[in-house]
Amino acid sequence: MAVSLRSWLANEGGKHLVLMLWLGANTWLFLNTFLLYSTGQQYHYLYKMLGVGLCISRASASVLNLNCSLVLLPMCRSLLTFIRGTHVVSSRKTRRLLDKNKTFHVACGVAVCLFSVVHVSAHIVNVVNFSVSYSDDFPALNLARYRGEDPKRIILTTIPGVTGVLLVLILLLMFISSSYCVRMSYYEIFWYTHNLFIVFYIILMVHMVGGALKYQTNIEAHPPGCLRPNQSSTEQHVDDLDLLADDDSRCREDAHFESHCPQTWLWVSGPLCLYCLERLYRYIRSSAPVTIVSVIRHPCDVIELCMLKKNFKARPGQYIVLNCPSVSSFENHPFTLTKCPTENKDTFGIHLRVVGDWTECFTQLLLPQPRMDLEVLPMVQQRTYPKLFVDGPFGGPSEEVFNYDVSLCVAGGIGVTPFACVLHALLDGWKGFRLQRLYFVWVCREIQSFYWFAELLCALHQKLWQENRPDYFNLKLYVSQMDNLQSMSEERFRPLASRLLAGRPRWKLLFDEIGKSNKHKRVGVFCCGPKGISRTLHRLCNSARSCDTTFEFNKESFS
């Protein structure tokens, strides 16, 4: 399948530009620091003692400083939501880049892990050189106490060494727990270990306090390589003599060395303070528990939760983060809004699928099994709900559905939730948006899954027919599981029965059909579902077409 340059630039150009800028900044920092420590006169004696290990350790440290500061910014969810919702970012391309915040966070995290390996390896070589190349001429330059000191003893008895070991252990735990298999199977482990970042940054601030590496402060009075008192020129190293002119060959005073002032805090303090302020703001905003209005059990282990919170405002496509102390005080789980507050209704809602320990415990608290030993009739039993806290809302890619002339929304199973909120907005009569036509494709394994939003789809269909806009909403429903295939036989769901298809969508034909109907337009493609569907849609959005229609790919992803 041929790739269209225009489509590729629309979908990949922005993020690859940011990637190149980020790689360029890392490369420049590494090379600039490497050259500084290899050729700088103030590091002449230290470089003679440690060699290239000094340059690599400091160059990798510069890259680590940059990425340890950048890795926090993509996780400032409230800040990104604020930027997206204001006129500060008026370009749709720029707003779409904000959706890559999780990808950028992962890239910075991987860079931190990789350059930590380089940094640690270089410093192990440095510690060995401190022990082997102990300098009797410049005792202040030594980290070792004597020649031949055990490198392990140097590491475990110095502040940089001990803090370095702790940082490596914390980073190793965070890296392992961030793997896909751990996140999917043991989310609690991922959550708890990832919050070790607080300890990580505190130790990082202390890491440079020990002053293991020192630079010369009196270069003019003691040019590197000059002859010291009681030293003949025959005792001087050939390389040192090349650095000096004849009249500068004699030292006027002994070399003085000082430790570097810690600079890590200069890189990290700004983003760290910004992130801490955001977390404080989110804590205050979510401190009041919400009121649970209703809980409805749907087919296929899906629970609909309707809530009420004072001064809560949200836009279609956004998501919230739930915290239920009765299940876990520290765990927070994101869920897309399926219903936003309106002028007439202050309630908002989500649909959650019961998958995993947290959702199972949460569902049992919402809908406990009736106790058979109670003498009171079930109809007069008072239902009590657990205390629930809501953080958010936060911005998501599906907010952009209304900013295209034509949008294609593709959902797989419970991935329909962000688009349900869009459909609710259309049903409630939202105005002032750009959208002129909406294609909606929903793929489910079981036909019972369509009942989650069957009434919403039928109500929207009826509304558009009454307004004489039947072409505004193009609906296709697919049942991928062919066993015991049934139809939605209820009379009220007749509009859905006629749009229900067996099997999987033929995506290329669908894109060709949309392209021919919307020539020379930009179509927003929004996907929330399995990776297989996402990859296929992404590939089709970058492919070339004769109709000159550009498909811009947007994938739902929680940060």
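Residues numbered from 1 in each chain as written. Predicted model: local features only at pLDDT ≥ 70, side-chain atom pairs only at ≥ 80, totals over all residues. Heavy atoms only, no water.

Chemist: So what's going on with the overall build of the protein chain? Which residues, and what values?
Modeler: Looking only at helices and strands, one finds 19 helices and 14 strands in the protein chain. The C-alpha atoms of the protein chain give 31 Å as radius of gyration, which overshoots the globular expectation for 559 residues (24 Å, by more than 25%). For the protein chain, the spread of C-alpha atoms along the principal axes amounts to about 105 × 70 × 45 Å. Within the span of the protein chain, comprising 559 residues, buried residues form 48% of the whole. The contacts of the protein chain with a sequence gap of at least 6 include a subset with a gap of at least 24, amounting to 75%. (Helix = DSSP H or I, 4+ residues; strand = E, 2+ residues; numbered from the N terminus. Rg over C-alpha atoms; globule rule 2.2 N^0.38 Å. Buried < 20%, exposed > 50% of the residue type's maximum accessible area, 1.4 Å probe, protein only. Contact = heavy atoms within 4.5 Å.)

Chemist: Could you give an account of unusual backbone geometry, naming the residues involved and the relevant values?
Modeler: The linkage connecting G392 with the following residue, P393, adopts the cis geometry, with an omega of 10°. Along the chain, the position of P393 falls in strand β8 (residues 389-394). In this model, C300 sits at a positive phi of 65°, which is unusual for a non-glycine residue. On the secondary structure map, C300 appears in the loop between β3 (291-298) and β4 (302-308).

Chemist: Any chance you could break down the pattern of salt bridges for me, citing the residues and the numbers?
Modeler: A full pass over the atoms with the stated rule returns 20 salt bridges. Note that E399 and R84 form a salt bridge whose closest N and O atoms lie 3.6 Å from each other. Placement of the pair is E399 in the loop between β8 and β9 (406-412) and R84 in helix α4 (residues 77-85), with a sequence separation of 315 residues. Each member of the pair, E399 as well as R84, carries the same accessibility label: buried. Three or more residues are tied together by salt bridges with common partners; here these are R84, R95, D99, R315, E399 and E400. (Salt bridge = Lys/Arg side-chain N within 4 Å of Asp/Glu carboxyl O.)

Chemist: Tell me about the sheet that holds strand β10 (residues 437-444), and name the residues and values.
Modeler: The strand order across the open sheet built from six strands is β12-β11-β10-β9-β13-β14, with neighbouring strands paired in parallel fashion. In the strand order of this sheet, the two ends are held by β12 (500-502) and β14 (550-555), each with one partner. Within the sheet, the average angular offset between the axes of one strand and its neighbour, ignoring direction, is 20°. Strand direction decides the pairing type here: β10 and strand β11 (residues 473-479), joined by seven bridges, are parallel. The residue of β11 that forms the bridge with L438 is F473. Contacts from helix α19 (residues 531-541) reach β9, β13 (522-528) and β14 within the one sheet, and its direction differs from that of β14 by about 150°. (Pairing = 2+ DSSP bridges. Axes fitted to C-alpha atoms, helices over the stretch in contact; angles between N-to-C directions.)

Chemist: How would you sum up helix α15 (residues 417-427)? Please name residues and give values.
Modeler: Judged by how many residues are buried, α15 sits mostly within the fold: ten of eleven residues are covered. Among the residues of α15, T417, P418, F419, A420, C421, V422, L423, H424, A425 and L426 are the ones counted as buried. Phi turns positive one or two residues past the end of α15, at G429, with a value near 80°.

Chemist: If you had to explain the sheet that holds strand β6 (residues 333-339) to someone new, which residues and values would you point to?
Modeler: With antiparallel pairing, the six strands of this open sheet are ordered in space as β3-β4-β7-β6-β5-β8. Edge strands, defined here as strands with exactly one partner in the open sheet, are β3 and β8. Going across the sheet, the axis of each strand differs from the next one's by a mean of 35°, ignoring polarity. When β4 meets strand β7 (residues 347-353), the two strands line up antiparallel, connected through seven bridges. Bridge pairing in β7 places V302 opposite R353. Along the sheet face, α15 touches β6 and β7 and points at about 25° away from the line of β6.

Chemist: Help me get a handle on the pairing of β9, residues and values and all.
Modeler: Counting buried positions over the seven residues of β9 gives seven, a clear majority of the element. By the alternation rule, side chains of β9 split into V406, L408, V410 and G412 and S407, C409 and A411, which are all buried. Where β9 meets β13, six bridges bridge the pair, whose relative direction is parallel. The partner of C409 across the bridge, within β13, is F526.

Chemist: I'd like to hear about the environment of Q436, residue by residue, with values.
Modeler: Along the polypeptide, Q436 turns up in the loop between α15 and β10. Each C-alpha atom, one on Q436 and one on F402, is 8.7 Å from the other, the two residues being 34 residues apart in sequence. Setting aside its immediate chain neighbours within four residues, Q436 contacts Y404, D405, Y472 and K521.

Chemist: A description of the pairing of β14 should follow, citing residues and the corresponding values.
Modeler: Taking burial as the measure, the six residues of β14 include five buried ones, the bulk of the element. In the sheet, β13 pairs with β14 via six bridges, with the strands oriented parallel. Considered in β14, the bridge of F526 is made with N554.

Chemist: Now, about the side chain of T549: what can you tell me, with residues and values included?
Modeler: The residue T549 is located in the loop between α19 and β14 in this model. For T549, a relative accessible area of 5% gives the class buried. Among the polar contacts listed, one links the side chain of T549 to the backbone oxygen of G515, at a separation of 3.1 Å. Separated by 3.0 Å, the side chain of T549 and the backbone oxygen of N518 make a polar contact. Excluding residues that lie within four positions of it along the chain, T549 makes contacts with G515, N518, K519, H520, K521 and V523. (Polar contact = N/O pair within 3.5 Å; in protein donor to acceptor, adjacent residues only side chain to side chain.)

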